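Chain residues, written in single-letter form:
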Amino acid sequence: ALRQRYDPNLVVAADVRPPKNPNLLAGGPFELLDVLDRSRLDKLIRQYRPKQIYHLAALLSATAEKNPLFGWQLNMDGLLIVLEAAVAHGVAQVYWPSSIAVFGPDTPRDHTPQVTIMNPNTVYGISKLAGEQWCEWYHRKHGLDVRSLRYPGLIGYKSLPGGGTTDYAVDIYHKAVAGESYECFLEENTYLPMMYMPDALKATLDLMHAPAEQIKVRTSYNLGAMSFSPAEITASIQQHEPGFEVTYQPDGRQQIADSWPASIDDSKARQDWGWQPDFDLDKMTADMLLHLKQMQPA
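For clarity, every value in this text was computed on a predicted model and none was experimentally measured. (Residues numbered from 1 in each chain as written. Predicted model: local features only at pLDDT ≥ 70, side-chain atom pairs only at ≥ 80, totals over all residues. Heavy atoms only, no water.)

### Some remarks on the sheet that holds strand β4 (residues 93-95)
What links the strands of a sheet is backbone hydrogen bonding, and the strands pair in either a parallel or an antiparallel sense.
Argument step 1. Taken together, three strands build an open sheet; the order of strands is β3-β4-β6 and the sheet is parallel. In this open sheet, the two edge strands, each paired with only one partner strand, are β3 (52-54) and β6 (145-147). The average angle at which neighbouring strand axes cross in this sheet is 15 degrees, direction not considered.
Argument step 2. Relative to the sheet, helix α8 (residues 197-209) contacts β3, β4 and β6, its axis offset from that of β3 by approximately 150 degrees. (Pairing = 2+ DSSP bridges. Helix = DSSP H or I, 4+ residues; strand = E, 2+ residues; numbered from the N terminus. Axes fitted to C-alpha atoms, helices over the stretch in contact; angles between N-to-C directions. Contact = heavy atoms within 4.5 Å.)

### Considering the packing of helix α9 (residues 230-238) against helix α12 (residues 281-295)
Argument step 1. Two elements in contact, α9 and α12, have axes separated by 9 Å at closest approach and are oriented at 55 degrees. Looking at the two axes, α9 sits oblique to α12. The chirality of how α9 crosses α12 is right-handed. Within the contact between the two elements, α9 uses Glu 232, Ile 233, Ser 236 and Ile 237 and α12 uses Leu 281, Asp 282 and Thr 285.
Argument step 2. Looking at the contact of α9 with α12 residue by residue, the classes come out as three nonpolar, two polar and two charged. (Parallel < 35°, antiparallel > 145°, perpendicular 65-115°, else oblique. Left-handed = near helix turned anticlockwise from the far one by under 90°. Nonpolar A, V, L, I, M, F, W, Y, C, P; charged D, E, K, R; others polar.)

### Observations concerning the nonpolar core
Argument step 1. By size, the foremost hydrophobic cluster in this structure holds 63 residues, and its most contacted members are Ile 155, Tyr 168, Tyr 173, Phe 228, Ile 233 and Met 284.
Argument step 2. Counting residues per element, this core draws most heavily on helix α5 (residues 68-89), at eight residues.
Argument step 3. Excluding residues that lie within four positions of it along the chain, Ile 155 makes contacts with Ala 169, Val 170, Tyr 173, Met 194, Met 195, Tyr 196, Met 197, Phe 228, Met 284 and Met 288.
Argument step 4. The next biggest cluster of nonpolar side chains, apart from the first, holds 16 residues, and it includes Leu 149, Ala 203, Val 217 and Trp 273. (Core = buried A, V, L, I, M, F, W, Y, C linked by side-chain atoms within 4.5 Å. Buried < 20%, exposed > 50% of the residue type's maximum accessible area, 1.4 Å probe, protein only.)

### Thoughts on the packing of helix α7 (residues 168-177) against α9
Argument step 1. Interhelical geometry of α7 versus α9 gives an angle of 30 degrees and a closest axis separation of 11 Å. Classed by the angle they form, the pair α7 and α9 counts as roughly parallel. In this structure, α7 crosses over α9, and the sense of that crossing is right-handed. Packed against α7, whose contacting residues are Tyr 168, Ala 169, Ile 172, Tyr 173 and Ala 176, the element α9 presents Pro 230, Ile 233, Thr 234 and Ile 237 at the interface.
Argument step 2. Considering only residue class, the contact of α7 with α9 consists of eight nonpolar, one polar and no charged.

### Notes on the sheet that holds strand β5 (residues 98-99)
Argument step 1. Here three strands make up an open sheet; going across it, the order is β5-β7-β11 and the pairing parallel. What marks the edges here is a single partner per strand, and that holds for β5 and β11 (221-222).
Argument step 2. Taken strand by strand, α8 contacts β7 (149-151) and β11, and its axis lies near 175 degrees from that of β7.

### Brief notes about the side chain of Asn 75
Argument step 1. Following the sequence through the fold, Asn 75 ends up in helix α5.
Argument step 2. Engagement of the side chain of Asn 75 in a polar contact is seen with the backbone nitrogen of Leu 59, the distance being 2.9 Å.
Argument step 3. Here Asn 75 is in contact with Ala 58, Leu 59, Tyr 124 and Ser 127, once residues within four sequence places are set aside. (Polar contact = N/O pair within 3.5 Å; in protein donor to acceptor, adjacent residues only side chain to side chain.)

By themselves, these figures tell us nothing about what the structure is for.
What follows is the structure, given as structure tokens:
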């Protein structure tokens, strides 16, 4: 998305391993980088002199519960290393994603407010909540223009599930297109906030390009688009694939989902910088199925 907006040679992609997608290598500069390696990060910042850093490296909710100490190290130390490097090298802006995982079982579940009780009970949520406070601190103490969004579950056709509690809503489309049934790890009436990837990209770029005086929240903005249950996404898919079948076998991710909001009040984002989603459930389903079918081998 950034390479579509800017000269592709001015957008540097980085990851801990070379990308499987050749377009990421061919579309502009790519560098190997472990975000925990401060000296390597310093070297790349000196080399490329970026104005913005989008720091996306993290261990997601379900994966972090299996490896909690590494989840904390990657999610916390990675953020602090990026914030310190940005201050040291005069990087103008940092983007860092937070998550609905910052909320917990004591949080109001419906239309969860921007400011409310949080008390997350997962390693991922604890690290994201702490990260929000660090972002606000670096803005207040160092004047760093760091911005953040509390993403809901993100659904896209370009990447496979990555260890998150909301990943069922990605996997279910892949199974439907493959003509297979799907066993869901959440109960059928578990509502969670979700968002289609084009809306997540739009929100991120809109936030990062808004004038600084419009950014009133320096922890992280609530962000919403739609909320649905496994039963509702199944019904949406069945409008296109009538024979698609889903069974339910809740596992440990159900407890995580039960501690998260069912819907989000994102009125602050709408008010401050004009956030407005483009996709609802049925529009997303039609687009997901279309693209996944196009990607199937002939």
